[in-house]
Amino acid sequence: MNAIQYQIATLLYCFDTTGRILLMRRKKTPNQGLWSPPGGKLARISGESPHACARREASEELGIQASLSDFQLKGIVNERNSEGKMHWLMFLFEYLQPLQRCPPTHLEGSFAFFTRGQLDKLDVPATDRAYIWPLFWKHRDGFFMAECRFNAVGTFKWTLLESSSATESKSSSPTKRGGEV
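Residues numbered from 1 in each chain as written. Predicted model: local features only at pLDDT ≥ 70, side-chain atom pairs only at ≥ 80, totals over all residues. Heavy atoms only, no water.

1. Side note on the pairing of strand 7 (residues 109-114)
And then number 1: Counting buried positions along strand 7 gives five out of six residues, so the element sits mostly inside the fold.
And then number 2: Pairing of strand 2 (residues 21-26) with strand 7 involves six bridges; the strand directions are antiparallel. Paired with Arg 26 across the two strands is Gly 109, which belongs to strand 7. (Buried < 20%, exposed > 50% of the residue type's maximum accessible area, 1.4 Å probe, protein only. Helix = DSSP H or I, 4+ residues; strand = E, 2+ residues; numbered from the N terminus. Pairing = 2+ DSSP bridges.)

2. Topic: the pattern of salt bridges
And then number 1: For the structure shown, the criterion picks out ten salt bridges.
And then number 2: Here Asp 123 and Arg 25 are joined by a salt bridge, their closest N and O atoms 4.0 Å apart. Taken together, the residues Asp 123 in the loop between strand 7 and helix 2 (126-138) and Arg 25 in strand 2 connect sequence positions 98 residues apart.
And then number 3: Residue class for Asp 123 comes out partly exposed when judged on its relative accessible area of 46%.
And then number 4: Classification of Arg 25 by relative accessible area gives partly exposed; the value is 31%.
And then number 5: The partner of Glu 60 in a salt bridge is Arg 56, and the shortest N-O contact between them spans 3.2 Å. Of the two residues, Glu 60 and Arg 56 both sit in helix 1 (residues 50-62), four residues apart, roughly one turn of that helix.
And then number 6: Residue Glu 60 is classed as partly exposed on the basis of its relative accessible area of 44%. (Salt bridge = Lys/Arg side-chain N within 4 Å of Asp/Glu carboxyl O.)

3. Quick notes on helix 1
And then number 1: Helix length check: helix 1, at 13 residues, gives a terminal C-alpha distance of 17 Å against a target of 18 Å (1.5 Å per residue), a fit within 8%.
And then number 2: Among all positions of helix 1, only Cys 53, Ala 54, Glu 57, Ala 58, Glu 61 and Leu 62 are buried. Viewed along the axis of helix 1, the buried residues span an arc of 135°, placing them on a single side of the element.
And then number 3: Taken from the residues just after helix 1, Gly 63 is the one with a positive phi, measuring 70°. (Expected span 1.5 Å × (residues − 1). Arc of directions from axis to C-beta.)

4. Quick notes on the packing of aromatic side chains
And then number 1: The final tally for this structure, using the stated rule, is 13 aromatic pairs.
And then number 2: Relative to Phe 136, the ring of Tyr 13 has its centre 4.2 Å away and its plane inclined at 15°; by these criteria the two rings are stacked. With Tyr 13 in strand 1 (residues 5-13) and Phe 136 in helix 2, the pair connects residues that are 123 residues apart, well separated along the chain. For the pair shown, Tyr 13 and Phe 136 are each scored as buried.
And then number 3: The cationic tip of Arg 140 hangs over the ring face of Phe 15; the distance from NZ or CZ to the ring centre is 3.9 Å. (Phe/Tyr/Trp six-rings, centres within 6.5 Å; stacked < 30°, edge-to-face > 60°. Lys NZ or Arg CZ within 6 Å of the ring centre and 35° of its normal.)

If you want it as structure tokens, here you go:
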């Protein structure tokens, strides 16, 4: 039996001065042809941290020379058995500086800005539309950790492992653990 490969990646949630989100129409797998946040895989051999990966990817794909403090971790998503081929551990970072322009086309894909309302009309990965985007918006002022388990028939089950947001009830504990999404 072959072991399923585990990939570790960062996703960059960047906004322009009017609050539109930057997305990339991917030319390569995974998610080829779909719109998703820019980002990429950690350089594991060198021991690259998720923050350093976010900074490197911002430089390589967006032409941004940022400091580590320009990125804020908003969420961690663990996808198990994605497409029956891969496990993913993804660190979702918001780039805290507004972008002044749309980056030029990159070998990974082309870029465009979209309003939050336009996301519903875009071709995005199914798990992004159903779970990652809603979790990101809910926790933009906080943090979340979630897990997605894919099964053999192509369906998936999400579990919210940790959640902290200023929009949550003040009477509840600041961190909720466990529970299906």
